[in-house]
Amino acid sequence: MAVKDRDRFSTATRLKLLGEQTAARVYRSQTKRQARRSRLTGRAALLALVLCSLIVALAYPIRQYVSQRAEISDLQRQQEQARQRVEQLRDLKARWQDDSYAEQQIRQRLHYVMPGETGYIVIDPDAAKQSRAELGAADRPWYANVWDGVDKSDASDR
């Protein structure tokens, strides 16, 4: 028994035992890392697959949501414009209820004058020349105007 105890406490035996333990630890840690890597890679792949599936599944509803929000904001803008237009028309209607405003507009637009007044209309000479040029087509028969239109369109093709 003394030989066994001495052998147990010898430096060579202790070094050998220590080397075996260290080798076992290194081997265990390498196998654990490899096992962890393969498991982690599988989990990561599964997680990536689930995330991609969620993105694909939610892409269309999110697109619809965004387009509907844009449409809602557009309709609200149109509603605000319609509200402003209604206010303008109400204001105009209230102005037309006033007799002095109606009289002013009648005088201005229809060139009416009150009894005893003399109305004058000043004509711009350039505008008169333009209107005379436009009247040239009105003085001719309608079929001449049609034929001129056909000639003009035929000339533009050449």
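Residues numbered from 1 in each chain as written. Predicted model: local features only at pLDDT ≥ 70, side-chain atom pairs only at ≥ 80, totals over all residues. Heavy atoms only, no water.

## Quick look at the side chain of Gln105
Here's step 1: Inspection of the secondary structure assignment puts Gln105 in helix α3 (residues 99-110).
Here's step 2: Leave out the neighbours within four places in its chain, and Gln105 touches Trp96 and Leu110. (Helix = DSSP H or I, 4+ residues; strand = E, 2+ residues; numbered from the N terminus. Contact = heavy atoms within 4.5 Å.)

## A few points about the pattern of salt bridges
Here's step 1: Tallied over the full model, the rule gives six salt bridges.
Here's step 2: Between Arg95 and Asp91 there is a salt bridge, with the nearest N and O atoms lying 3.3 Å from each other. Linking Arg95 with Asp91, this pair stays in helix α2 (residues 11-97), spanning four residues, or about one helical turn.
Here's step 3: Residue classification places Asp91 among the partly exposed positions, given a relative accessible area of 41%.
Here's step 4: In this structure, Arg107 and Glu117 form a salt bridge, with 3.0 Å as the shortest nitrogen-oxygen distance. Remark: Glu117 occurs in the loop between α3 and α4 (125-139) and Arg107 occurs in helix α3; sequence separation between them is 10 residues.
Here's step 5: Classification of Glu117 by relative accessible area gives partly exposed; the value is 39%. (Salt bridge = Lys/Arg side-chain N within 4 Å of Asp/Glu carboxyl O. Buried < 20%, exposed > 50% of the residue type's maximum accessible area, 1.4 Å probe, protein only.)

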